[in-house]
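Listed here are the chains, written in short residue letters.
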Amino acid sequence: MDDLDRRLIELFATEPRIGVLEASRRLGVARGTAQARLDKLAASGVVTGWGPDLSPEALGFPVMAFLTLEIRQGAGHDAVATHLAGIAEVLEAYTITGAGDMWARVVARSNADLQRVIDRVLAEPGIERCTTVIALATQIPHRVLPLARSAVS
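Residues numbered from 1 in each chain as written. Predicted model: local features only at pLDDT ≥ 70, side-chain atom pairs only at ≥ 80, totals over all residues. Heavy atoms only, no water.

Caption draft 1: Molecular detail of the sheet that holds strand E4 (residues 127–135). Read from one edge of the open sheet, 4 strands run E2-E3-E1-E4, paired in antiparallel fashion. Two strands close off the open sheet at either side, each with one partner strand: strand E2 (90–95) and E4. The sheet shows a mean angle of 20 degrees between the axes of neighbouring strands, direction not considered. Note that E2 and strand E3 (residues 102–108) share 5 bridges and pair antiparallel. (Pairing = 2+ DSSP bridges. Helix = DSSP H or I, 4+ residues; strand = E, 2+ residues; numbered from the N terminus. Axes fitted to C-alpha atoms, helices over the stretch in contact; angles between N-to-C directions.)

Now the structure itself:
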């Protein structure tokens, strides 16, 4: 990744609806160059999507929690992940090291609704235990641009 890639990523991150022609004009490169760079960034996995970022809060899910799941030995992570993928309120899940086996970030309509979400998660027989931490406030939202900036040295 070079400086042009970084500037292209920053431009599309701040103005996702800009279009390739306008991006090329602003960056002072040919339209074909901008398109080729975007294609290369997507093909290499640096750019993973072009869809809109959605706000769970604006969709009616203001409560966010992190679940630490302990998986029954021999149950396997794949079965648990498949189960979690079927629950809309599960935003992401990661296999981890440490005290638990998997972390899941979930959202809910209220604290009472969070219990419903946890009960759905625990319906998977492969999950032995769940510890929940409720997020009070977002201090740093998910971000990758600073990482992209630091990748260009």
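What follows continues from the structure just given.
Caption draft 2: View of the packing of helix H1 (residues 3–14) against helix H3 (residues 31–43). Where H1 contacts H3, the axes come no closer than 10 Å and their chain directions differ by 85 degrees. Of the possible angle classes, the one that applies to H1 and H3 is roughly perpendicular. Every residue of H3 that contacts H1 at Leu4, Asp5, Leu8, Ile9 and Phe12 is listed here: Thr33, Ala34, Arg37, Leu38, Lys40 and Leu41. The residue makeup of the contact of H1 with H3, split by class, is 7 nonpolar, 1 polar and 3 charged. (Parallel < 35°, antiparallel > 145°, perpendicular 65-115°, else oblique. Contact = heavy atoms within 4.5 Å. Nonpolar A, V, L, I, M, F, W, Y, C, P; charged D, E, K, R; others polar.)

Caption draft 3: Structural view of helix H2 (residues 20–27). When we look at burial in H2, the residues that qualify are Val20, Ala23, Ser24 and Leu27. Viewed along the axis of H2, the buried residues span an arc of 100 degrees, placing them on a single side of the element. The exposed residues of H2 that point more than 90 degrees off its buried face are Leu21 and Arg25. Elements in contact with the buried residues of H2: H1 and H3. (Buried < 20%, exposed > 50% of the residue type's maximum accessible area, 1.4 Å probe, protein only. Arc of directions from axis to C-beta.)

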